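Tertiary structure, described
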Amino acid sequence: RRKTQVMVRRVDNAGATVWTYRVGDSHTNTAKPSYSAGYSIAQSGDKLYVGGGLWQKQSNLMKPVVIALDAATGSVVWTKLLNSQPSNGGVRSLTVDGGRIICTGYVSYGQAGFVFVADEATPAVWELDTSGNLVTEKLVRVAGLGQGAKIRKDTTGYIMTSTAWSEIGGQELNHAALVKLSDSLDVEWSKMFGMAGGHSQVFDMLVDKEGNYLLGGHTTVGAGVVNWDYLALKVNSQTRDVEWRRTFGQPRGFDARYIHDEMYGVALDPAGNYLLLGGSGDEYSYSATDSATGWMSDVWVSYLVVVDTNGSTLSEGVFGRKGGNNAGEWLSVDAATGEVMIYTDSDTDGGFGFLKLSPN
């Protein structure tokens, strides 16, 4: 593939495509690939704000970008390139807070294109106004942290999270990092959360109704954990301590040594419970079929776990189609109806999949 692009697609409530927007230039040398990537999206009023990395043909680098689109038509309102820093970068997350667009991501990275974790990059935070003007840009200096993965409005200021590296038990291991930012995007405190003996990765976060933090990702360590399992961490926002740590996995009962349970999204339902969403499937030459259900280990599914604020499991289930992969990558919840939209990596529906669930 010679060119990857940012793609934004709007569908209606029946699942039909309304519009699709794509952007991303080619390399100056047509024999070489170019890379643009979309990471985050938020809506405010009639506008959609998209965070990502956009290929710059004149420099052959991917630069952080925020793009404003008309929600009704998908047409571009404005594009703001955040290119003050060297090498490649991207806006991994953004949130709209009144007239402020608050972003986090990474700069000064040697690799272009979509990356799970930009370990050797420099984390950055930005503020734009809704006209696309840059208000603030700040680099975040936290040892072991290479990027900002998600940023959320807090009860005061903002809270940022990402997978990072720190030493524990004599080993350098992945930790879940929290970085507390002031209203002016200055670092007030940061803390790492890990466990000796394995990795703890975080890919999403929310601020709950009591102002505490729920982090979601996956881990290789913990009681009963085999290979990679879901990881949910609840952190008290006042004490900054972990209230509970829960792991989940093997929803279809296959051999845990060959199954990855990878959480990428967390959300609140209307009652304030935590929804934990990702994918479950086989990454190895191992292959098994459950004769009772017909599920094959090689087929990835969307895996949804619902827990209350104490970490007790309320429900869990898998969703998809037996004929192909539909791994959950993120989710959103309708606060009025409780309906859940899962955004999937899909083989059965053209790669950019939408999977809608009704409550109960």
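Our structure's up above, just so we're on the same page.
Presented here is a report on the structure given in the accompanying data block. Predicted model only: the values in this text are computed from it and were never measured. (Residues numbered from 1 in each chain as written. Predicted model: local features only at pLDDT ≥ 70, side-chain atom pairs only at ≥ 80, totals over all residues. Heavy atoms only, no water.)

Turning our attention to the sheet that holds strand S18 (residues 213-219). With respect to topology, four strands assemble into an open sheet ordered S17-S18-S19-S20, the strand pairing being antiparallel. The sheet is open, and its two edges are formed by strand S17 (200-207) and strand S20 (242-248), each paired on a single side. Between one strand axis and the next, the sheet turns by 20 degrees as a mean value, whatever way the strands run. In this sheet, strand S19 (residues 229-235) lies alongside S18 in antiparallel orientation, the contact comprising seven bridges. In the sheet register, Gly217 faces S19, and the bridge partner there is Leu231. (Pairing = 2+ DSSP bridges. Helix = DSSP H or I, 4+ residues; strand = E, 2+ residues; numbered from the N terminus. Axes fitted to C-alpha atoms, helices over the stretch in contact; angles between N-to-C directions.)

What follows concerns the nonpolar core. With 14 residues, the main nonpolar core has Val66, Leu94, Cys103, Trp126 and Leu128 as its most contacted residues. For this core, the secondary-structure elements that each account for two or more residues are strand S7 (61-70), strand S9 (88-97), strand S10 (100-109) and strand S11 (122-129). Contacts of Val66, omitting those with residues within four sequence positions, involve Val50, Trp78, Thr79, Lys80, Leu82, Val91, Leu94, Cys103 and Leu128. (Core = buried A, V, L, I, M, F, W, Y, C linked by side-chain atoms within 4.5 Å. Buried < 20%, exposed > 50% of the residue type's maximum accessible area, 1.4 Å probe, protein only. Contact = heavy atoms within 4.5 Å.)

What follows deals with the pairing of strand S27 (residues 351-357). Examined bridge by bridge, strand S26 (residues 340-346) and S27 share seven bridges and lie antiparallel to one another. Along S27, the bridge assignment pairs Thr344 with Gly353. Joining the antiparallel neighbours S26 and S27 is a turn of four residues, in which Gly350 adopts a positive phi near 80 degrees.

Here we take up the sheet that holds strand S8 (residues 76-81). Strand order in the open sheet formed by four strands is S5-S6-S7-S8, with antiparallel pairing between adjacent strands. At either end of the open sheet lies a strand with only one pairing partner, and these are strand S5 (37-44) and S8. Sheet twist, expressed as the mean angle between neighbouring strand axes with direction ignored, is 25 degrees. Sheet topology note: the S7/S8 ladder contains five bridges and is antiparallel. By the bridge assignment for S8, Ala68 is matched with Trp78.

Phi is positive for Arg240, close to 65 degrees, though the residue is something other than glycine. Residue position: Arg240 is located in the loop between S19 and S20. Positive phi is not limited to glycine here, since Gln250 has a value of about 55 degrees. Structurally, Gln250 is set in the loop between S20 and strand S21 (259-268).

Each pocket or cavity is described by its volume, and for the second largest pocket that value is around 350 Å³. If you trace the second largest pocket, you find 17 residues lining it, with Leu304, Val306, Ser315, Pro359 and Asn360 closest to the centre. Among the elements of the structure, strand S23 (301-307) and strand S24 (313-319) are those that each provide at least two residues to the lining of the second largest pocket. It is S24 that contributes the most residues to the lining of the second largest pocket, five residues altogether. Broken down by class, the residue content of the lining of the second largest pocket amounts to nine nonpolar, six polar and two charged. (1 Å grid on protein atoms, 1.4 Å probe; cavity = no way out; pocket = protein on both sides within 12 Å on 5 of 7 lines; lining within 4 Å. Points joined across faces, edges and corners; volume = space filled by probe spheres on them. Nonpolar A, V, L, I, M, F, W, Y, C, P; charged D, E, K, R; others polar.)

Here the structure, examined in full by the defined rule, presents 12 salt bridges. One salt bridge in this structure joins Lys180 and Asp154, with 2.9 Å as the shortest N-O distance. Residue Lys180 is located in strand S15 (residues 171-181), and its partner Asp154 is located in the loop between strand S13 (150-153) and strand S14 (158-168); the two are separated by 26 residues in the primary sequence. Among the residues examined, Lys180 registers a relative accessible area of 5% and is labelled buried. One continuous salt-bridge network, built from bridges that share partners, spans Arg100, Glu127 and Asp183. (Salt bridge = Lys/Arg side-chain N within 4 Å of Asp/Glu carboxyl O.)

One can find Val305 in strand S23. Among the residues examined, Val305 registers a relative accessible area of 0% and is labelled buried. Residues Val305 and Val318 lie 13 residues apart in sequence; the distance between their C-alpha atoms is 8.9 Å. Ignoring anything within four residues of it in the chain, the contact list for Val305 reads Tyr230, Phe248, Tyr274, Leu275, Leu276, Thr313, Ser315 and Glu316.

On the secondary structure map, Val221 appears in the loop between S18 and S19. For the pair Val221 and Leu231, spaced 10 residues apart in sequence, the C-alpha to C-alpha distance is 9.4 Å. Dropping the residues within four chain positions of it, Val221 is found in contact with Met195, Ala196, Gly197, Gly198, His199, Ser200 and Arg245.

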